[in-house]
Amino acid sequence: MIRDARPDERAAVGELRVSAYRALGLLSDVDGYAKTLRTFGFGDDCTVLVAVDDDGILGTITLEPFEAASELAQDETEADIRAFAVAAQAQGKGVGRRLLLAVIERAEKQGLRRLRLCTNPAMAAAQHLYAATGWARTPELDFSPVANLTLRAYELDLPADPS
């Protein structure tokens, strides 16, 4: 089941994100980004979705509306997808795909026209998922948040609102 994260799940969502990034070798024990992953999206205008089953939270994805400091979104018709993570035991079972499709549906309902995201080049499975779900690479928006790391940018055009 995919649903909005509850405030009492903040710590569990944060730890899932950190664990997933560490499992891929993308986060060290001293990496300051772990703090961002633990708290991102709670307490602001973001939408944090979770995939859950009887055993708990399997994955999470965040829809971040445009603001002046957005990583990629360029105006109010766009939003960024961030902090996308699936627990190791749930990977390869379609959880990531369901989360991604759910956040796309949420964005469409909000009347957004385009979604943007960035990904670490080492996240091969995620990049395969983006290609399979219609995302296009936008290399002109690639950027380096820290030395020796260039994040790859993608975008997905959403259907126009028929009203």
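Above this text is the structure in question.
The shown structure was predicted, so the numbers you read here are calculated from the model rather than taken from an experiment.

Caption draft 1: Structural view of the overall build of the protein chain. The secondary structure content of the protein chain amounts to four helices and eight strands. In terms of overall dimensions, the protein chain has C-alpha extents of about 45 × 40 × 30 Å along its principal axes. Among the 163 residues that make up the protein chain, the fraction classed as buried is 45%. Across the protein chain, contacts joining residues at least 24 apart in sequence account for 58% of those joining residues at least 6 apart. On the protein chain, roughly 8700 Å² of surface is accessible, and the fraction owed to carbon and sulfur atoms is 50%. Across the protein chain, the mean location of the 18 positive side-chain charges is 4 Å away from that of the 25 negative side-chain charges.

Caption draft 2: Looking closely at the layout of surface pockets. Taken as a whole, the largest pocket encloses approximately 990 Å³ of empty space. Along the wall of the largest pocket there are 38 residues; nearest its centre are Tyr-21, Phe-84, Thr-119, Met-123 and Ala-126. Here the residues of the lining of the largest pocket sort into 26 nonpolar, seven polar and five charged.

Caption draft 3: Highlighting the pattern of salt bridges. Counting across every chain of the model gives 14 salt bridges. Its salt-bridge partner being Arg-3, residue Glu-9 comes within 2.6 Å of it at the nearest N-O pair. Each member of the pair, Glu-9 as well as Arg-3, is classed as buried. Among the charged side chains, a network of salt bridges with common partners joins Glu-78, Arg-114, Arg-116, Glu-155 and Asp-157.

Caption draft 4: Geometry of unusual backbone geometry. One non-glycine residue with positive phi stands out, namely Ala-83, at about 50°. Within the secondary structure, Ala-83 sits in strand E4 (residues 78–86). For Ala-83, a relative accessible area of 6% puts it in the buried group. One non-glycine residue, Asn-148, adopts positive backbone phi at about 65°.

Caption draft 5: Up close: the packing of helix H3 (residues 95–109) against helix H4 (residues 124–132). Across the interface, H3 lies against H4 with an axial gap of 11 Å and an inter-helix angle of 50°. In terms of axis orientation, H3 runs oblique to H4. For the pair H3 and H4, the crossing hand works out as right-handed. For the pair H3 and H4, contact is made by Gly-96, Arg-97 and Leu-100 and by Leu-129, Tyr-130 and Ala-132, respectively. Of the residues that constitute the contact of H3 with H4, the class distribution is four nonpolar, one polar and one charged.

Caption draft 6: Structural context of H4. Ala-126, Gln-127, Leu-129 and Tyr-130 are the residues of H4 that are buried. Buried residues of H4, viewed axially, fall in a sector of 155°; they line one side. Every exposed residue of H4 that faces more than 90 degrees away from the buried side is listed here: Ala-124, Ala-125, His-128 and Ala-131. Downstream of H4 by one or two residues, Gly-134 has phi in the positive range, about 95°.

Caption draft 7: Representation of the side chain of Glu-78 within the structure. Structurally, the position occupied by Glu-78 is in strand E4. We classify Glu-78 as buried; its relative accessible area is 2%. A polar atom in the side chain of Glu-78 sits 2.8 Å from the backbone nitrogen of Gln-74. Among the polar contacts listed, one links the side chain of Glu-78 to the side chain of Arg-114, at a separation of 3.0 Å. Those residues within four positions of Glu-78 in sequence are excluded, and the remaining contacts are Pro-65, Phe-66, Leu-72, Ala-73, Leu-112, Arg-114 and Arg-116.

Calculation rules
- Residues numbered from 1 in each chain as written.
- Predicted model: local features only at pLDDT ≥ 70, side-chain atom pairs only at ≥ 80, totals over all residues.
- Heavy atoms only, no water.
- Helix = DSSP H or I, 4+ residues; strand = E, 2+ residues; numbered from the N terminus.
- Buried < 20%, exposed > 50% of the residue type's maximum accessible area, 1.4 Å probe, protein only.
- Contact = heavy atoms within 4.5 Å.
- Areas by Shrake-Rupley, 256 points an atom, 1.4 Å probe, with all protein chains shown as cover.
- Lys, Arg positive; Asp, Glu negative; His and termini not counted.
- Charge placed at Lys NZ, Arg CZ, Asp CG, Glu CD.
- 1 Å grid on protein atoms, 1.4 Å probe; cavity = no way out; pocket = protein on both sides within 12 Å on 5 of 7 lines; lining within 4 Å.
- Points joined across faces, edges and corners; volume = space filled by probe spheres on them.
- Nonpolar A, V, L, I, M, F, W, Y, C, P; charged D, E, K, R; others polar.
- Salt bridge = Lys/Arg side-chain N within 4 Å of Asp/Glu carboxyl O.
- Axes fitted to C-alpha atoms, helices over the stretch in contact; angles between N-to-C directions.
- Parallel < 35°, antiparallel > 145°, perpendicular 65-115°, else oblique.
- Left-handed = near helix turned anticlockwise from the far one by under 90°.
- Arc of directions from axis to C-beta.
- Polar contact = N/O pair within 3.5 Å; in protein donor to acceptor, adjacent residues only side chain to side chain.

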